[in-house]
Amino acid sequence: MVVLRAGLCPGLTEEMIQLLRANNIRTVVDFVSSDLEDVAQSCSLSYKALVAVRRVLLAQFSAFPTNGADLYEELKSSTAILPTGNPSLDQLLDAGLYTGEVTELAGAPGSGKTQVCLSIAASVSLGLRQHVFFLDSTGGFTASRLYQMLQARVEDKEEQVESSAGPLKAVLIDSVSAVLSPLLGGRQSEGLAIMMQLARELKTLAKEFSVAVVVTNQVTRDSSTGALKSALGRSWSFVPSTRVLLQGRAVPWEEGAAPHTACLAKSPRQPTGMQVQLDIGSDAVQEQRPVTPTP
């Protein structure tokens, strides 16, 4: 709690401070919460001078007051929804990826994480003409595959795929677990600190620059229930706003094998447990088929 003192702000003199203290006004909180008309009368001070001092103290030591309606309007104006390129996945995510948030795609190898990231990159860069930053930490990025996806989405086959002209709207990291897992466990105590610092940076990046941050993660089995859960531990589980668990075909080459599935494990907007079937091998996506997740 800041105590009133001479020089704290322009107009706050030692004489004024002594008069205020005589009326039990000793701190900034005491001063800004007081009725200045009563203070002016009891301390024989200029009301205009007191108002000027309070205005400066409020600017220095507190946030400007706002209301819920203003915050809601600011959120609406700064938030964009980006399509993933998969209609069913968009429906699972309540229309798509939200800027200002971190979304996690978790799954075992072969579950389609990289393919979904490529689909997002193609959709945002071609459909919205916005820039995408793709960080590949596993060597799974294939430029030729992305180019094929872009060409497949161009309606006119003679039309050339051009570079995006808009601002950066999506940051894709495939994968975050490949970078962090070697730093965790054992005697490497600094690994957790590095992970949480990365988490803060990703959240700040998403909010301050109004971009959608998408990270991929591996999965592990819960020791008590045996259910799949994202890797990197409990501390990381609070980082993404939205988490989608991807599962691939048990036998990819078998005729009639079950398609890839996406299950909503965490969301601020949708009920968790919703599940859709995805055809990761092509740009076509099947209709949504909600099912009850196996406990």
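Look up a bit, the structure's there.
Conventions we followed
- What you see as residue numbers is a count from 1 along each chain, following the sequence as written.
- The predicted origin of the model limits local features to residues at a pLDDT of at least 70 and limits the giving and counting of side-chain atom pairs to 80 or more, whereas totals for whole chains, interfaces and linings rest on all residues.
- Heavy atoms from the whole structure form the basis of all side-chain values; hydrogens and water molecules are not counted.
- To get an axis, fit a line to the C-alpha atoms, keeping to the stretch in contact for a helix; angles then go from 0 to 180 degrees between the N-to-C directions.
- The helix and strand labels rest on DSSP assignments: H or I over at least four residues marks a helix, E over at least two residues marks a strand, and numbering proceeds from the N terminus.
- To sort the angles, those under 35 degrees are grouped as roughly parallel, those over 145 as roughly antiparallel, those from 65 to 115 as roughly perpendicular, and the leftovers as oblique.
- The sense of a crossing depends on the near helix, which, turned anticlockwise from the far helix by less than a right angle, makes the crossing left-handed and, turned clockwise, makes it right-handed.
- Pairs of residues are marked as contacts when any of their non-hydrogen atoms sit within 4.5 Å.
- When residues are grouped by polarity, Ala, Val, Leu, Ile, Met, Phe, Trp, Tyr, Cys and Pro land in nonpolar, Asp, Glu, Lys and Arg in charged, and all others, Gly among them, in polar.
- What counts as a ring pair is set by centres within 6.5 Å for rings of Phe, Tyr and Trp (its six-membered ring), and what kind of pair is set by the plane angle: stacked under 30 degrees, edge-to-face over 60, tilted for all other angles.
- By definition here, charges over rings are those cases where NZ of Lys or CZ of Arg is within 6 Å of the ring centre and within 35 degrees of the ring normal.
- DSSP calls a pair of strands paired once it identifies at least 2 bridges connecting them.
- Salt-bridge detection follows one rule: a side-chain nitrogen of Lys or Arg within 4 Å of a carboxyl oxygen of Asp or Glu.
- Burial classes: relative accessible area under 20% of the type maximum marks a residue as buried, over 50% as exposed, and values in between as partly exposed (1.4 Å probe, protein chains only).
- Both cavities and pockets are sets of points on a 1 Å grid over the protein atoms alone; in a cavity a 1.4 Å probe fits but cannot get out, in a pocket the set is open with protein on both sides within 12 Å along at least five of seven lines, and lining residues sit with an atom within 4 Å of a point.
- Grid points are joined across faces, edges and corners, and a volume is the space filled by probe spheres set on the points.
- Here the nonpolar core consists of buried residues drawn from Ala, Val, Leu, Ile, Met, Phe, Trp, Tyr and Cys, with membership extended through side-chain atoms lying within 4.5 Å.

Let's hear about the packing of helix H7 (residues 113–127) against helix H8 (residues 143–153): which residues, and what values?
At their nearest, the axes of H7 and H8 sit 10 Å apart, and the two run at 50° to each other. Viewed along their axes, H7 and H8 adopt a mutual orientation that is oblique. In the packing of H7 onto H8, the handedness of the crossing is right-handed. Contact with H7, carried on its side by Gln115, Leu118, Ser119, Ala121, Ala122, Ser123, Ser125 and Leu126, involves Arg145, Leu146, Met149, Leu150 and Arg153 of H8 and no other residues of that element. Per-class residue counts for the contact of H7 with H8 are seven nonpolar, four polar and two charged.

Let's hear about the packing of aromatic side chains: which residues, and what values?
This structure, assessed with the given rule, holds one aromatic pair. Judged by centre distance (4.8 Å) and plane angle (55°), the ring pair of Phe134 and Phe141 falls under tilted. Positioned over the ring face of Tyr98 is Arg269, at 3.5 Å from the centre of the ring.

Report on the sheet that holds strand S4 (residues 131–136), specifying residues and quantitative values.
Strands sit in the order S4-S5-S6-S3-S9-S10-S11 across an open sheet of seven strands; the sheet is mixed. Either end of the sheet is taken by a strand with one partner, and the two such strands are S4 and strand S11 (275–278). Pairwise comparison of adjacent strand axes, ignoring direction, gives a mean angle of 20° for this sheet. Here strand S3 (residues 102–107) pairs with strand S6 (residues 212–217) via five bridges, running parallel. The residue bridging Glu104 from the neighbouring strand is Val215, located in S6. The strands touched by helix H10 (residues 190–208) within the sheet are S3, strand S5 (168–174) and S6, with S6 carrying the most contacts at an inclination of about 150°.

So what about the pattern of salt bridges? Which residues, and what values?
Summed over the entire model, instances satisfying the criterion amount to three salt bridges. Arg243 is the partner of Glu104 in a salt bridge, and the nearest nitrogen-oxygen pair spans 2.4 Å. In this pair, Glu104 is assigned in strand S3 and Arg243 in strand S9 (residues 242–247), connecting sequence segments 139 residues apart. The same class applies to Glu104 and to Arg243, which are both buried.

Can you break down the layout of surface pockets residue by residue, with the values?
Roughly 280 Å³ of volume is contained in the second largest pocket. What lines the second largest pocket is a set of 13 residues, among which Leu75, Ser78, Thr79, Thr99 and Gly100 lie closest to the centre. Class assignment of the residues belonging to the lining of the second largest pocket gives a composition of three nonpolar, five polar and five charged.

A description of the environment of Gly233 should follow, citing residues and the corresponding values.
With respect to the helices, strands and loops of the structure, Gly233 is situated in helix H11 (residues 233–237). Taking the C-alpha atoms as reference points, Gly233 and Thr220, 13 residues apart in sequence, are found 9.5 Å from one another.

Give a detailed account of the nonpolar core, specifying residues and quantitative values.
Judged by nonpolar contacts, the single largest core of 31 residues is most densely connected at Leu92, Val244 and Ala262. Counting residues per element, the ones that place at least two in this core are helix H6 (87–92), H7, H8, S5, S6, S9, strand S10 (260–266) and S11. Looking at which element gives the most residues to this core, the answer is H7, with eight residues. Beyond its immediate chain neighbours, meaning those up to four positions away, Val244 contacts Leu92, Leu93, Glu104, Leu105, Ala106, Ala262, Cys263 and Leu264. Counting residues in each nonpolar core, the second largest holds 18 residues, with Cys9, Leu20, Val28 and Leu36 among its members.

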